[in-house]
Amino acid sequence: MDAEDQAVRAQLVREGRLFGGYDPRMEAVHRALAARLARLVDQSGWPGRSQAGEDGAAAAWRIAHHAIATPALQRRFLSLVQEAAARGDATSLQAAMLEDRVRHLEGRPSLHGTLLDWDETGRLSPGPVEAPEGLDARRAAVGLPPMAESLEAANRGQREPGDVPPADHAARRQQFEAWARRVGWR
């Protein structure tokens with residue numbers, strides 16, 4: 001499942017289509033994989049480290065993290081990953097990243113600043129953060145460096161072809177909001 005996700009992503013990068021909005025082909029793959037993961041979870045529980053090994057658990061988390069087109073499933077997966085992290089069957093970083101993803105999609109501030117996106121100035125930013133005075137402590141608790149270090153690295157780092165600031169930030173934001181309403185995040 002993870003290999004299928006990554007293969008489609010790589011193809012969309014090669015075609016220059018990955019960063020121009022949520023490509024319908026990627027969305028279809030994410031929906032299908034989320035449904036397959038849900039069936040596996042229904043049969044056997046969350047595929048954490050003890051059940052699926054490190055690689056299998058990481059792959060299940062990536063499928064859950066990419067399940068953005070299925071709000072109910074992604075919220076369900078968040079609860080399961082949080083429970084798995086509490087018992088050591090997933091990492092606290094995985095739980096933090098998935099929680100930030102769900103919060104972002106719901107239009108709420110992040111807790112850990114793990115999801116970076118282009119801001120109005122053309123720089124990568126975590127967007128709104130809840131209780132920013134405790135951000136670096138929360139990040140340290142899940143094994144992340146201070147936010148300033150992450151932002152510096154992200155904004156000077158190598159990007160994939162097409163991963164550039166949007167020409168029209170407001171239009172991109174409107175497109176995202178329309179999509180979020182269409183799939184049920186708003």
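Remember, it's a predicted structure, so these values are computed and weren't measured experimentally.

Conventions used here
Residues numbered from 1 in each chain as written. Predicted model: local features only at pLDDT ≥ 70, side-chain atom pairs only at ≥ 80, totals over all residues. Heavy atoms only, no water. Buried < 20%, exposed > 50% of the residue type's maximum accessible area, 1.4 Å probe, protein only. 1 Å grid on protein atoms, 1.4 Å probe; cavity = no way out; pocket = protein on both sides within 12 Å on 5 of 7 lines; lining within 4 Å. Points joined across faces, edges and corners; volume = space filled by probe spheres on them. Helix = DSSP H or I, 4+ residues; strand = E, 2+ residues; numbered from the N terminus. Nonpolar A, V, L, I, M, F, W, Y, C, P; charged D, E, K, R; others polar. Phe/Tyr/Trp six-rings, centres within 6.5 Å; stacked < 30°, edge-to-face > 60°. Contact = heavy atoms within 4.5 Å. Polar contact = N/O pair within 3.5 Å; in protein donor to acceptor, adjacent residues only side chain to side chain. Axes fitted to C-alpha atoms, helices over the stretch in contact; angles between N-to-C directions. Parallel < 35°, antiparallel > 145°, perpendicular 65-115°, else oblique. Left-handed = near helix turned anticlockwise from the far one by under 90°.

A.B. asks: If you had to explain unusual backbone geometry to someone new, which residues and values would you point to?
C.D. replies: The backbone of Ala 131 shows a phi angle near 45°, a positive value even though the residue is not glycine. Note on Ala 131: relative accessible area 32%, which makes it partly exposed.

A.B. asks: Residues and numbers for the layout of surface pockets, please.
C.D. replies: Space left empty within the atom packing is revealed by a probe, the size of a water molecule, rolled over the atoms. Quantified by volume, the second largest pocket comes out at close to 180 Å³. If you go around the second largest pocket, the residues you meet are Met 1, Asp 2, Leu 37, Leu 40, Ser 44, Gly 45, Pro 47, Gln 51, Gly 56, Ala 59, Ala 60 and Ile 63. Here the lining of the second largest pocket takes 5 residues from helix H3 (residues 49-65), the largest share from any one element. For the lining of the second largest pocket, the residue count by class is 7 nonpolar, 4 polar and 1 charged.

A.B. asks: Lay out the packing of aromatic side chains with the relevant residues and their values.
C.D. replies: With the rule as written, the count across this model stands at 3 aromatic pairs. Look at Tyr 22 and Trp 179: their rings are 5.5 Å apart centre to centre, the planes differ by 85°, and that puts the pair in the edge-to-face class. You can see Tyr 22 sitting in the loop between helix H1 (2-14) and helix H2 (24-44) and its partner Trp 179 sitting in helix H8 (residues 169-183), a full 157 residues away along the chain. The exposure class of Tyr 22 is partly exposed, given its relative accessible area of 24%. Given the relative accessible area of 9%, Trp 179 is considered buried. Ring geometry for Trp 46 against Phe 77: centres 6.0 Å apart, planes inclined by 50°, an arrangement best described as tilted. Here the residue Trp 46 occupies a position in the loop between H2 and H3, and Phe 77 occupies one in helix H4 (residues 71-86), the gap between them amounting to 31 residues. Residues Trp 46 and Phe 77 agree in their burial class; the two are buried.

A.B. asks: Explain the environment of Arg 172 to me, using residue names and the numbers behind them.
C.D. replies: Tracing the backbone shows Arg 172 in helix H8. Note: C-alpha distance between Arg 172 and Gly 21 (151 residues apart in sequence) is 7.8 Å. Discounting residues that sit within four places of it in the chain, Arg 172 has contacts with Asp 117, Trp 118 and Pro 166. There is a polar contact of 2.8 Å between the side chain of Arg 172 and the side chain of Asp 117.

A.B. asks: Describe the packing of H2 against H3, with residues and values.
C.D. replies: Between H2 and H3, the shortest axis-to-axis distance is 10 Å and the interhelical angle comes to 135°. Here H3 runs oblique to H2, going by the angle between their axes. Considering the relative orientation of H2 and H3, their crossing is left-handed. For the pair H2 and H3, the contacting residues are Leu 33, Ala 34, Leu 37 and Ser 44 in the first and Gln 51, Ala 60, Ile 63 and Ala 64 in the second. By residue class, the composition of the contact of H2 with H3 is 6 nonpolar, 2 polar and no charged.

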